[in-house]
Every structure is written in structure tokens, then in C-alpha cells.
Amino acid sequence: MSQKNVQQNAVLELWEMLLRYRWRFILPAFAVTLGVLGMSLLLPRKYKSEAMFERTTDMVLTEMTAKGATRNFQDPRNSLVEEITGHRAVDELIAQIQPELQKMGVIHSELDRQVLRTNIVRGTIVHWDIASGALDRVRVEYVSPNPRVAKLVVNGLVRNYIKRTQDTMDLRLKESAEFFKHEVANNRTTIDELETRLLEFEINNGDLLPESANSVQERLGARETELQDVIAQRDAAIVRAKNLKDAIAQTPATIPERITAPNPELARLNVKYSTLSEELSHSTNVLKMKPAHPDMVTLQQRVDDLQAVIDKTDKTIVAQEQHKANPKLAELELQYTQAVGEQEALTRQIEVVGDQVKTMADQTGDMFPVRSDYRKLNRQVDQAQRQLAFWEDNLRRVDMTLAAETGNRGIQLDFVKPGGVGAKPVSPNVAQVLMAAIGLGLMAGALSVFFAHRTDESFASGAELSQAFDLPLLGTVSELISRQHRKVRRVRNMILYPTNAILMAAALIAMAALLYLDLEKPDMLAGLKAKASWVFELPSAEASEDITTGPEQVD
């Protein structure tokens, strides 16, 4: 019997077993599924509230502060999560909302307060919907059994963070403004002193200033610049020559060249493997030998061993190996010769330019100290003026920021979406509950069928009875069914079983619909409950009116 037939027989036996004990499967599955759905209605609900705020960055002001003394003082992103959900922020929030939580009955003791604090610290989640240099959109989420508590938590955390951040930025901007004012005053004093010294120097050394210099001074500067360039080129050539010499020493004169060819041993093994494979195929398809046959086992073992040998055998072998001259060595030697020649030429050029510079320096030796001091004073004045412009620009921007009525402090925080009271719970989930109910129901039904089959000692056919007692089977008699019994069975199959199936399906559908309304449409369920209570209250009210008016009508 093939494996496919065995599987088909097993499926048929399982199906016959399921049909035989169908009510042992249906009733437990129905009870467990209905029970799980019913228990899901009693599970505690959790509601999620989320608030969203935006952080807009003024790139100009941020770049200005990045260049000044207060670098990175406006960068709350580095510690945003800690500032929103940290212990200090949570303590501040609980202190603010504790009276309202006590009115709602959430906090009764210090233990409740600590539990709520721990839940807020661990359960608050901060996400970035948009993260860029100019705009950050941040979403804060919190899940709680009480939807009003979730709303209070997320809104309070965001509002407190925005207020703390704005206060901190205002304070640091004021400190920055004071720092800039101090630097502006110091630089103005420095500029006044330098300009006074420059004026005195011009009066005392008017004839030796750079404006009255002859062409020798200009040529001296050009030659000095040329000398520095040539020295740099010479040093680079020395380094390049040294590197090339090291590379030549490390480069071999010859390189090996190998010629490969196919491995003849591998070809022989492949031919042998093909022969054994054909013999194995012949034994299986023509001789119809089973895999457990000793010859088949031996042949299969030989094929596997030969395959292992083929896998370990190299596909190619080295047929010939020879050595040839390394072309890279000749190239390196040519480059080294060029580098040495360039080095020698630059050395001779340095000697010539150095002699020229020395001659010109002797000619201008008297005026050089004066001009050097004068240039130094000019550089100091220019540097002080640039520094003053820098501090004045920073001070002007900070003053404009502090005076702005829009509240723009370089980083503007907007509470774009406050958190609301969640009408629909996020836990438990309808799909998960339905899958769990169906899965547990099927498992319960399967276990019931399994135990019923294991404990059933009756015989379903004469063949089973004959096989159990090792007796010959002469014949079988079909079930004797009376007319009344046939009518009862017909009524049961046509009325009782369909009715039970409809009632079970209706109960499961009703319970699933109730669970769906409770989890996904709580507003609709509340409306239906209100309508139902109004319908039931209306007849009772009319009856009470009849009772009160009855005696008057009798009179």
C-alpha cells in the first residue's frame, strides 16, 4: 500500500470517527466557544489616548546660537523622552491632577499613587511621526483602564513639557543676551586701544610704512612665497621617493603563472557514478525492488559514498607552472627614477631662490621690523572689528527674539492635537477573542472525540468482531428498525437536529455580535440599551397610571 493510500485511509477513518461522535464534538466545542465569548465580556477594558504636538525650528536663529557662546542650549530633542516621561515630569503631573483623580476614585491612598506613577513612567510611549531639522511632530500615547485618566495623563504631560521648555528657553535667551552685551563692550574697548596704538605708530614711523615701500619689498614677498612652495614640493618629492623605494623592496622580481586543466580523476568518478545511478534506477523501476532490499541498500550506500568522494575531489588541477617578470616592478622603478630627478631639481631651485631671498632681506632689513609690527596692528584691528560684528549680530537677534510677540524663541512648540476620551477600548481585541474562542472550542471538541473513541469498547462492524475474537464470519444482519422507530429517527433528523444547530449558531452569532458591539461600537450598544430600557419602562408607567386612576373611575 502506497503512502498516499495510507493517508487517504487515515483521513477517512478520522471523518468516520467525527461523524460517529459528532455530538461529542459539537456540544463541547459550542460550550467552550460560548464560554470564552461570555468571559470576554467580563474582561477589563483598556483605553488609549494620544496627544500630538509639533516642534518648529527657526534654522537662522539655531545657526546663530550654534556659533555663539550658548551652543546647543536650544536642543530639547536630546532629552525629550526623559523630559516628558521622566520621574520629575510624572511627579509634577500627578500633583496637578491628583484632586481630579480623587474625585473619580482612582487614588485612595499613597499606594495607589505610587502604582499610578509607575504605570505612567512605564506605559507612556513617545513616537516621532516627522523628524527633520525644521519640523518635528511627536505623538504621546498612554493606555489605562479609565479613558478619562488616559486623557488627563497625555494632555498633562504634553502641556507641562511645552511650558517647561518655553520657560527654560526664555531664561537661557536672557542669559545669552547678557553674555553678548558683555562681549560687545569688551570688544569695543579693545578696538579703541588698538586704533590709538596704530595712530601713534603711523605718526612715529611714517617713512617706513608698507605704503612707501619700494619694489624690493614686493619682490621679497613673492620670492618668499615661491621658496615656501618649492620647499613643500621638495618635501613631497622626498616622501614619494621613499615610498617608491619601499614599494620596490617589497615587490618581487617575478610572479608565478599557473595553467589549470580539468581533473581526469573527477571525470572517471562521474562515469562510475552515472553507471551506479543507472543500475539503481534499473533495480527500482524495472526489477521493482523495495528500498529496504539488501541489494538496494548496498547499491544506495555505494552511490552515496561515491558522491561524497566526488564532492571532495578538486574539479581542476595545476597542469603547468612558470614564472615571468613582474611588470609592476619596472613601473615602480621608472616612477622612482622620476621622483629622484624631481627631488634633485627642486633642491637646486631652493638654493637659487634662497640666495635671492637672502640678498633682498639684507636690502630691506631696516624696514622689515617696522612693517611687521604695522601689519600685526592692522590684523589685530580687523580681527577685533569682525569679532565685534559677530557679537553685535548675535545680540540683535536675541533681542529681537525676546521682544517678539509671537512667542518664537527659535524653537516653537504647538499643541496641535490634545488627547480625547477613548470611546473604543484597545484591549481586548475582537479578532483575537474570536480566534481564541474558535481555537479553544475546536480543541475541546477534538479532545472529547478522542476520549470517546479511546473509551468506546463496542464494535462498529462484523469484521471488527471477527478480528477481535479470531472467529470466522458467516454473515451479518442489518439493523432491525420498526416503523415507529423510523418515524422517530426521521423527526429527529429533520426537526430536532436542525433546530439545535440553528439555536447554537444563533447563540454564537448573538454572543459574537454583542462582543463586537461592546468592543468596537460601544456608543451603539449604549444607545440600544437606552432604547430597550425605555421600551420596558413605558408599559410599567402606563400600568401605574391605570392603577392610580382606577378608584376614581369606580367612584
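Refer to the preceding data block for the structure.
What you are looking at is a predicted structure, and each value in this text was computed from that prediction instead of being measured.

Asks: I'm lost on the environment of Gln-96 in this one. Help?
Replies: The residue Gln-96 is located in helix 5 (residues 87–104) in this model. Judged by its relative accessible area of 44%, Gln-96 falls in the partly exposed class. The sequence separation of Gln-96 and Gly-156 amounts to 60 residues, and the corresponding C-alpha distance is 8.3 Å.

Asks: Honestly, the packing of helix 2 (residues 22–42) against helix 15 (residues 483–520) in this entry has me stumped. Any pointers?
Replies: When two helices pack together, their arrangement is given by the angle between their axes and by how far apart the axes lie. Look at helix 2 against helix 15: their axes get within 10 Å of each other, and the N-to-C directions meet at 20 degrees. With respect to helix 15, the element helix 2 is oriented roughly parallel. Seen along the crossing, helix 2 lies across helix 15 with a hand that is left-handed. Where helix 2 abuts helix 15, its residues Arg-22, Trp-23, Ile-26, Leu-27, Phe-30, Thr-33, Leu-34, Leu-37, Gly-38, Ser-40 and Leu-41 lie against Tyr-497, Asn-500, Met-504, Ala-507, Leu-508, Met-511, Ala-512, Leu-514, Leu-515 and Asp-518. Of the residues in the contact of helix 2 with helix 15, the class split is 15 nonpolar, 4 polar and 2 charged.

Asks: When you look at the packing of helix 5 against helix 7 (residues 147–204) in this model, what are you seeing that I'm missing?
Replies: Two numbers describe how helix 5 lies on helix 7: the axes approach to 10 Å, and their chain directions differ by 145 degrees. Handedness of the crossing formed by helix 5 with helix 7: right-handed. Residues Ala-89, Glu-92, Leu-93, Gln-96, Ile-97, Glu-100, Leu-101 and Met-104 of helix 5 touch helix 7, and the partners they reach there are Arg-148, Val-149, Leu-152, Val-153, Gly-156, Leu-157, Asn-160 and Arg-164. Residue composition of the contact of helix 5 with helix 7, grouped by class: 9 nonpolar, 3 polar and 4 charged.

Asks: How should the nonpolar core be read in this particular structure?
Replies: The tendency in soluble globular proteins is for nonpolar side chains to be buried side by side. Counting 28 residues, the largest nonpolar core has Phe-53, Ile-84 and Ile-120 as the members making the most contacts within it. Counting residues per element, the ones that place at least two in this core are strand 1 (47–57), helix 4 (80–85), helix 5, helix 6 (110–123), strand 3 (135–144), helix 7 and strand 6 (411–417). It is helix 7 that contributes the most residues to this core, 10 residues altogether. Here Ile-84 is in contact with Phe-53, Ala-89, Val-126, Val-140, Leu-157, Tyr-161 and Arg-164, once residues within four sequence places are set aside. Of all hydrophobic cores here, the second largest spans 12 residues; its members include Ile-191, Val-381, Trp-391 and Leu-395.

Asks: Help me out: how do you make sense of the pattern of salt bridges in this one?
Replies: Think of it this way: side chains of opposite charge can pair up when their charged atoms draw near. On inspection of all chains with the given rule, the structure shows 16 salt bridges. Here Arg-55 ties to Asp-136 by a salt bridge, and the two come within 3.0 Å at their closest N and O atoms. Within this pair, whereas Arg-55 is found in strand 1, its partner Asp-136 is found in strand 3, the two being separated by 81 residues in sequence. With respect to class, Arg-55 is no different from Asp-136; both count as buried. Two residues, Glu-92 and Arg-164, come together in a salt bridge whose shortest N-O distance is 3.0 Å. Taken together, the positions of Glu-92 in helix 5 and Arg-164 in helix 7 put the pair 72 residues apart, joining distant regions of the chain. The exposure class assigned to Glu-92 is partly exposed, which follows from its relative accessible area of 30%. Owing to a relative accessible area of 25%, Arg-164 belongs among the partly exposed residues under this scheme. In this structure, a network of salt bridges that share partners links the residues Glu-50, Asp-129, Arg-139, Glu-141 and Lys-417.

Asks: What is the right way to look at the environment of Ser-427 in this model?
Replies: In this fold, Ser-427 is placed in the loop between strand 6 and helix 13 (430–455). Classification of Ser-427 by relative accessible area gives partly exposed; the value is 30%. Taking the C-alpha atoms as reference points, Ser-427 and Tyr-47, separated by 380 residues in sequence, lie 7.3 Å from one another. What Ser-427 contacts, discounting residues up to four positions off in sequence, is Pro-44, Arg-45 and Lys-46.

Reading the values: rules and limits
Residue positions are given per chain, counting from 1 as you read along its sequence in written order. Per-residue local features of the predicted model are confined to residues with pLDDT of at least 70, and side-chain atom pairs are confined, for both listing and counting, to 80 or more; whole-chain, interface and lining totals are unaffected and use all residues. The basis for every side-chain value is the complete set of non-hydrogen atoms in the structure, without hydrogens or water. Per the convention used, a helix needs a DSSP run of H or I reaching at least four residues, while a strand needs a run of E reaching at least two, with both numbered from the N terminus. Relative accessibility under 20% of the residue-type maximum defines a buried residue, over 50% an exposed one, and the middle range a partly exposed one, all with a 1.4 Å probe and only protein chains included. Geometry is summarised by axes, namely lines fitted to C-alpha atoms with helices restricted to the contacting stretch, and by angles between N-to-C directions that run from 0 to 180 degrees. Should an angle lie under 35 degrees it is considered roughly parallel, over 145 roughly antiparallel, and from 65 to 115 roughly perpendicular; all remaining angles are considered oblique. Note on convention: the crossing is left-handed when the near helix lies turned anticlockwise from the far helix by less than a right angle, right-handed when the turn is clockwise. Should any heavy atoms of two residues lie within 4.5 Å, those residues are counted as being in contact. The nonpolar class holds Ala, Val, Leu, Ile, Met, Phe, Trp, Tyr, Cys and Pro. Asp, Glu, Lys and Arg form the charged class, and all remaining residues, Gly among them, are polar. Buried residues of nine kinds, namely Ala, Val, Leu, Ile, Met, Phe, Trp, Tyr and Cys, make up a nonpolar core once their side-chain atoms join them within 4.5 Å. By definition, a salt bridge exists where a carboxyl oxygen of Asp or Glu is found within 4 Å of a side-chain nitrogen of Lys or Arg.

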